[in-house]
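These are the residues of each chain, in order.
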There are 2 protein chains.
Amino acid sequence: MEPVPMLLAMTYRAMGDQFHDRLRQIGLEPLRPAHGYVFRFLKEKRATTVDIGQHLGVTKQAAAKIVNELDEWGYVLREPHPTDKRAQYVTLTTKGRDYLKFADNLWSDLEHEMAEAIGETTLDTIKTGLAEYLQHVHGDDQPGLRPVW
Amino acid sequence: MEPVPMLLAMTYRAMGDQFHDRLRQIGLEPLRPAHGYVFRFLKEKRATTVDIGQHLGVTKQAAAKIVNELDEWGYVLREPHPTDKRAQYVTLTTKGRDYLKFADNLWSDLEHEMAEAIGETTLDTIKTGLAEYLQHVHGDDQPGLRPVW
DNA sequence: GAATATGGACAACCAGGTTGTCTACTAGGG
DNA sequence: CCCTAGTAGACAACCTGGTTGTCCATATTC
């Protein structure tokens, strides 16, 4: 059996490829994974560019580039931070929320298909198992999201 | 619960980071993941640069760069292909095999610790579950190994 | 109020891929 | 047997998506 990291990488890529293909098939502009993760992050909490970089596991400069793109494309906008005059909150526009909603449906389809392929309980074990491992390794401060290659 | 791909990416990165840290801690030069995957691939079968690229999920040119590095560092060498005068087999040197052996031990340590953290049966379910999913999605032609970010 | 730390912008750089092209060789029909 | 189409590998140009380094303005701490 392949070592665990290889299985993780291959599965990650397999799912990502499918996601990407279907998105294009439907005609929706396929953003990069990072963009999607930013959307998901922003839905949960108000965040600055620095926060985003930390969440993704990249430098703030790299995060700034991503935010700039999303801004240009109309998915997010910046608004002044209420108390800190240096900082800006990045927030989702309606377009951004719509994209996220669509992508979420697609992901849920894919996950459902995975459940059909390997069984619901197996999938559930995988999810909770990985989550538990992450909790065990990193405690509450999450590791970077980006899988360094 | 986080969506599956995020869990995969985070776990992949978490394990990779630990691997990298320990390797450095011990004083061994930490190669990139790609190099390790090449070693593991070459242990299994004789392969050309093109084969390697396919296995990694990158172009042959990218694979050639990696092979060049490994050659310069003394981990692999090229030998003429017995029947095809264009091609070359890339093979592990002793240094390469030693590195692989060492890395394999380290991986097995990490996997063992994972088993302790989440339970052996859970880990087993994860491995077979992911393998089954990959089989279901891709049949026998493997997806690229590189997790596209 | 001085020293230190932080968010964000800008610039230079770099690593690790890609595409494109070329040559030598291989393989598969007419 | 030759002609055509395909392939391994080398080389070069380029691109993307990150990095480091620096700066300014503002916050925080003592």
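Labelled according to an unreviewed UniProt entry, chain A appears under the name MarR family transcriptional regulator, originating from Lentzea aerocolonigenes.

K.L.:
Lay out the nonpolar core in plain terms, naming residues and giving numbers.
P.N.:
The biggest cluster of nonpolar side chains holds 89 residues, and the ones touching the most others in it are Phe39 and Ile52 of chain A together with Phe39 and Ile52 of chain B. Once residues within four sequence positions are removed from consideration, Phe39 of chain B is found in contact with Leu31, Leu70, Tyr75, Val76, Leu92, Gly96, Tyr99 and Leu100 of chain B.

K.L.:
Describe the UniProt feature "domain: HTH marR-type" (unreviewed entry) in chain A, naming the residues involved and giving the relevant values.
P.N.:
Mapped onto this structure's residue numbering, the UniProt feature "domain: HTH marR-type" (unreviewed entry) falls at residues 1–135 of chain A. End C-alpha to end C-alpha, residues 1–135 of chain A measures 25 Å, and it is 72% helix and 7% strand.

K.L.:
Describe in detail the protein's contact with DNA strand D, supporting the description with residues and values.
P.N.:
Neighbouring residues of DNA strand D: 19 residues in total, closest Thr59, Lys65 and Lys85 of chain A together with Arg86 and Trp149 of chain B. Contact between DNA strand D and Arg32 of chain A: a phosphate oxygen at 2.7 Å from a side-chain N or O atom of the residue. Within the side chain of Lys65 of chain A, one N or O atom sits 2.5 Å away from a base oxygen of DNA strand D. Ranked by residue count, the leading element in the surface near DNA strand D is helix H4 (residues 60–72) of chain A, at three residues.

K.L.:
Any chance you could break down the relation of the copies chain A and chain B for me, citing the residues and the numbers?
P.N.:
Superposing chain A onto chain B takes a rotation of 180° plus a shift of 0.0 Å along the axis, which leaves an RMSD of 0.1 Å. A rotation of that kind, with that shift, is consistent with a two-fold axis. A share of 100% of interface residues in chain A that are also interface residues in chain B marks the association as one of identical surfaces.

Procedures and definitions
Residues numbered from 1 in each chain as written. Chains lettered and ligands numbered in written order. Predicted model: local features only at pLDDT ≥ 70, side-chain atom pairs only at ≥ 80, totals over all residues. Heavy atoms only, no water. Core = buried A, V, L, I, M, F, W, Y, C linked by side-chain atoms within 4.5 Å. Buried < 20%, exposed > 50% of the residue type's maximum accessible area, 1.4 Å probe, protein only. Contact = heavy atoms within 4.5 Å. UniProt positions renumbered as here; feature names shortened; annotations may be inferred. Helix = DSSP H or I, 4+ residues; strand = E, 2+ residues; numbered from the N terminus. Near = heavy atom within 4 Å. Polar contact = N/O pair within 3.5 Å; in protein donor to acceptor, adjacent residues only side chain to side chain. Least-squares fit on C-alpha atoms with pLDDT ≥ 70 in both.

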